[in-house]
Amino acid sequence: MEQYKIYVEMTDRITARRGLTNTFFLTVNTAIVAGAGAFTQTLARGPRFFLIVPLIMLLVQCGAWFWILRSYRQLSSAKYRVIGALEERLPASPYWLAEWKAVGSGKDKALYWPVTHLEQWVPLAFVFAYLIVFCVALAT
């Protein structure tokens, strides 16, 4: 029973760290975009290829964000498999048998769409937005 509690607490801590990671990368995105915006007038008078520096910074950090989220997803999956194995030894199995099966084991998107899959779309959405803004800036 003690092992079960430890794994549940570890899983909660991973979720909290993932939230802090998202906050960090959103803050970095905001700072870079704000910095580039502050120099828009200067950049407009100079060569447009200078926009490549903030674009590369944004693309690299979005790539790091994506892979870190993927790593958290893999770690969480492993922890939940361990929790499931531990629950099989307990008289009740609230997560493994009840909750997870109630949401179709994550296979039926009408019942449940794992947040860890959805949150990986955020850095990709930022990448596409930055590429579009960069292309528009070069075209004007």
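Residues numbered from 1 in each chain as written. Predicted model: local features only at pLDDT ≥ 70, side-chain atom pairs only at ≥ 80, totals over all residues. Heavy atoms only, no water.

Caption draft 1: Expanded view of the overall build of the chain. Counting its regular elements, the chain contains six helices and zero strands. Starting at the N terminus and walking to the C terminus, you meet the elements of the chain as α-α-α-α-α-α. Among the 140 residues that make up the chain, the fraction classed as buried is 26%. Restricting to contacts in the chain with at least 6 residues of sequence separation, those with at least 24 account for 76%. As displayed, the chain offers around 9200 Å² of accessible surface, 70% of which is attributable to carbon and sulfur atoms. (Helix = DSSP H or I, 4+ residues; strand = E, 2+ residues; numbered from the N terminus. Buried < 20%, exposed > 50% of the residue type's maximum accessible area, 1.4 Å probe, protein only. Contact = heavy atoms within 4.5 Å. Areas by Shrake-Rupley, 256 points an atom, 1.4 Å probe, with all protein chains shown as cover.)

Caption draft 2: Highlighting the pattern of salt bridges. Under the definition given, this model contains one salt bridge. Measuring nitrogen to oxygen at the nearest pair gives 2.6 Å for the salt bridge that ties R18 to E119. One end of the pair, R18, is in helix α1 (residues 2–38); the other, E119, is in the loop between α5 (115–118) and α6 (121–139), and 101 residues separate them in sequence. Judged by its relative accessible area of 9%, R18 is buried. Classification of E119 by relative accessible area gives buried; the value is 10%. (Salt bridge = Lys/Arg side-chain N within 4 Å of Asp/Glu carboxyl O.)

Caption draft 3: Spotlight on α6. Look at α6: 27 Å from first C-alpha to last across 19 residues, which is about the 27 Å you get at 1.5 Å a residue. Along α6, the residues classified as buried are P123, V127, Y130 and F134. Looking down the long axis of α6, one finds its buried residues gathered within 70 degrees of arc, a one-sided arrangement. Summarising the geometry of α6, the exposed residues directed more than 90 degrees from the buried face are W121, F128, I132, V133 and A139. (Expected span 1.5 Å × (residues − 1). Arc of directions from axis to C-beta.)

Caption draft 4: The arrangement of a nonpolar patch on the surface in detail. Taken together, the side chains of W113, L118, W121, L124, F128 and L131 make up a nonpolar region of the molecular surface, amounting to roughly 580 Å² of accessible area. Considering each element in turn, the nonpolar patch owes the most residues, four residues, to α6. Relative to the helices and strands, W113 is located in the loop between α4 (94–102) and α5. Residue classification places W113 among the partly exposed positions, given a relative accessible area of 37%. (Patch = residues over 30% accessible without salt bridge, like charges linked within 9 Å, V, L, I, M, F, W, Y side chains within 5 Å.)

Caption draft 5: Looking closely at the packing of helix α3 (residues 52–87) against α6. α6 packs onto α3 with a crossing angle of 165 degrees between their chain directions and a minimal axis gap of 8 Å. Considering the angle they form, α3 stands roughly antiparallel to α6. Relative to α6, the crossing made by α3 is left-handed. Of α6, the residues touching α3 (which contributes I52, L55, L58, L59, C62, W65, F66 and L69) are V122, P123, L124, F126, V127, Y130, L131 and F134. Class assignment of the residues belonging to the contact of α3 with α6 gives a composition of 16 nonpolar, no polar and no charged. (Axes fitted to C-alpha atoms, helices over the stretch in contact; angles between N-to-C directions. Parallel < 35°, antiparallel > 145°, perpendicular 65-115°, else oblique. Left-handed = near helix turned anticlockwise from the far one by under 90°. Nonpolar A, V, L, I, M, F, W, Y, C, P; charged D, E, K, R; others polar.)

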